[in-house]
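# Remarks on the overall topology
Take a look at the letters that make up each chain.
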Amino acid sequence: MPNAREYFKKKKELESRGKIVSVDEAASVKKEIRRYRILKFYKILAVLAVLGIIGTAAYFYLQNREYKEYEVQTDIKREDTVTAQYMEFQGQILKYNKDGVSYCDAQNNTLWAYTYEMQSPTVDICKNMAAVGDIKGTKLFIFDADGNQGEVNTNFPIQKFRVSELGTVAVVLEDGDTTWINIYDKSGGEPLAKNKTSLDISGYPVDLDISNDNTRVIVSYLQLDGGALKTHVAFYNFGSVGQNYTDKLVSGKIVDGVLFPRTAFIDNEHAVAFGDDRFLIFEGKQIPELSAEVPLEEGEQLVDIFYDENHIGIVVTSADNASKYSARIYNLQGSLLLTQKLNTEFDRIKIYDDQLLMFYQKQFSVYNLKGVEKFTGTMTRNILDIIPKNKGSQFIVVDSSNTRQIKLK
């Protein structure tokens, strides 16, 4: 039986000779064409299925692959002051001290630098924006990967601040027994919004954060009621919705006997307040409401927190003698995804690209989110920070004197 190509070739030859193809022959060839197309379709499906299986197998292999050692790809010595501090910023290194801030790559090349004078510089980073502010001072600078994007000068001393991914900053200012929660655009100038609170009514602001769309601020207030401690986790909406509420306070939660020293917007819909014996998850784009309350186990104490856009992580003292600490990772609904026992101390722990990174002095460990220890090794000097490069196995290691790029193998 002729295939489709032969049919059309034969049909053209016959037509050129003034002949026609019979109805029966045409129907037969059409049936063959249909069969050919169906076979071709199933072949494509089979190829896609095989590629999907290969891709899935490769993903799980990379996710669960264990590394025994590392190779040093670059090793650059730095000439920094002993007071310099380092933070990861967009895959590179943000270096700062009292005299200024600079942005460097793994080869210690300076991408940009900015000078200032501060007594107590502090950095906050949100995705592609970074803010450097002088605690107890009145200056605050905003940066992105290209350098300085603006300066904020405040009327009162800065107590705390947080930057959003749009470069807007929320700042707590001290004014005697009064505090101000102001929002500034990265270009500086007058506040976009401000809210006055008093210590005797609202309490002492322990921490705050600003949503990525710049409309909401979460504040953890420490309050004393007749000598008894309590915390008010408050949400302010500085957008159109908040104009209908007194002091723009749209929602909140009061918890007796518990301090909540850290707050964070995970994304535009979820915020978390981390307390001594629990953490609270709030959900809502305009008026956040409590959606989950996750208690610690009896006898545990909160040691550290970490999070990304999809996960909430805590480190607690272990309630048993099997390990020193436990790291737990939850989804944004408060469901437990992983408990990882930790038998050593740690200086820093963070989550990145479905990996749990932790280091202590010279030791560096990598776990996946199923609890598989992918790598544990020892560097030559005390580690200041670990910055993942690409995915999986490449890292920038910032130690006390050098910047090294390594690859696990």
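Per chain, residue numbering runs from 1 following the sequence as it is written. Note on the predicted model: pLDDT of at least 70 is required for a residue's local features to be given, and 80 or more for side-chain atom pairs to be given and counted; whole-chain, interface and lining totals, by contrast, use all residues. Note that water and hydrogens are dropped before the side-chain values are worked out from all heavy atoms of the structure.

### Focus on empty space enclosed by the protein
Put simply, the rule is: Of the two site types, the cavity is a set of points on a 1 Å grid over the protein atoms alone where a 1.4 Å probe fits but cannot get out, and the pocket is an open set with protein on both sides within 12 Å along at least five of seven lines, each lined by residues with an atom within 4 Å of a point. Grid points are joined across faces, edges and corners, and a volume is the space filled by probe spheres set on the points. Helical segments are the DSSP runs of H or I of at least four residues, strand segments are the runs of E of at least two, and each set is numbered from the N terminus.
Enumeration over the complete set of coordinates arrives at 1 cavity of 30 Å³ or more. Of the voids in this model, the largest cavity is the one considered here, and its volume is about 30 Å³. T344, E345, M358, F359, Y360, Q363 and S365 together form the lining of the largest cavity. It is strand β27 (residues 355-360) that contributes the most residues to the lining of the largest cavity, 3 residues altogether.

### Brief notes about the environment of R262
Keep this limit in mind: The rule is simple: take the accessible area with a 1.4 Å probe, protein chains only, and divide by the maximum for that residue type; under 20% is buried, over 50% is exposed, in between is partly exposed. Throughout, a contact is declared for two residues whenever any of their heavy atoms are within 4.5 Å.
With respect to the helices and strands, R262 occurs in strand β18 (residues 262-265). Overall, the relative accessible area of 33% leaves R262 in the partly exposed class. Sequence-wise, R262 and S220 are 42 residues apart; in three dimensions their C-alpha atoms are separated by 7.5 Å. Discounting residues that sit within four places of it in the chain, R262 has contacts with D207, V272, A273, F274, I305 and Y307.

### Notes on the sheet that holds β27
The strands that make up a sheet pair up through hydrogen bonds in the backbone, lying either parallel or antiparallel. Using the following cut-off: By the convention used here, strands pair only if DSSP detects at least 2 bridges between them. Inter-axis angles, ranging from 0 to 180 degrees, are taken between N-to-C directions of lines fitted to C-alpha atoms, where helices are fitted over the stretch in contact.
Strand order in the open sheet formed by 4 strands is β26-β27-β28-β29, with antiparallel pairing between adjacent strands. Lying at the two open borders of the sheet, with one neighbouring strand each, are β26 (348-352) and β29 (373-378). Between one strand axis and the next, the sheet turns through 15 degrees on average, direction left out of account. As paired elements, β27 and strand β28 (residues 363-368) share 6 bridges and run antiparallel to each other. Its bridge partner lying in β28, F359 is registered against F364.

### Some words on a nonpolar patch on the surface
For the record, the criterion: Patch construction takes residues with relative accessible area above 30% that form no salt bridge. Like charges are linked within 9 Å, and nonpolar side chains (Val, Leu, Ile, Met, Phe, Trp, Tyr) are linked within 5 Å. Here, Shrake-Rupley sampling with a 1.4 Å probe gives the accessible areas, and only protein chains in the shown set may cover a residue. Salt bridge, as applied in this entry: a Lys or Arg side-chain nitrogen positioned within 4 Å of an Asp or Glu carboxyl oxygen.
A contiguous nonpolar surface patch, about 610 Å² in accessible area, is contributed by I38, F41, Y42, I44, L45 and L48. Relative to the helices and strands, L45 is located in helix α2 (residues 23-64). For L45, a relative accessible area of 39% corresponds to the partly exposed category.

### Points about the pairing of strand β32 (residues 402-408)
Summarising burial for β32: 6 of the 7 residues are buried, a large majority. Relative to β32, strand β31 (residues 394-399) runs antiparallel, the two being bridged by 5 bridges. If you follow I396 over to β32, its bridge partner there is Q405. Counting the residues between successive antiparallel strands, the hairpin from β31 to β32 contains 2 residues.

### As for the pattern of salt bridges
Counted by the stated rule, this structure contains 22 salt bridges. The partner of D75 in a salt bridge is R404, and the shortest N-O contact between them spans 3.5 Å. With D75 in strand β1 (residues 70-77) and R404 in strand β32, this pair connects stretches of sequence that are 329 residues apart. A residue is classified by how much of its surface remains accessible, and R404, at 8% relative accessible area, is buried.

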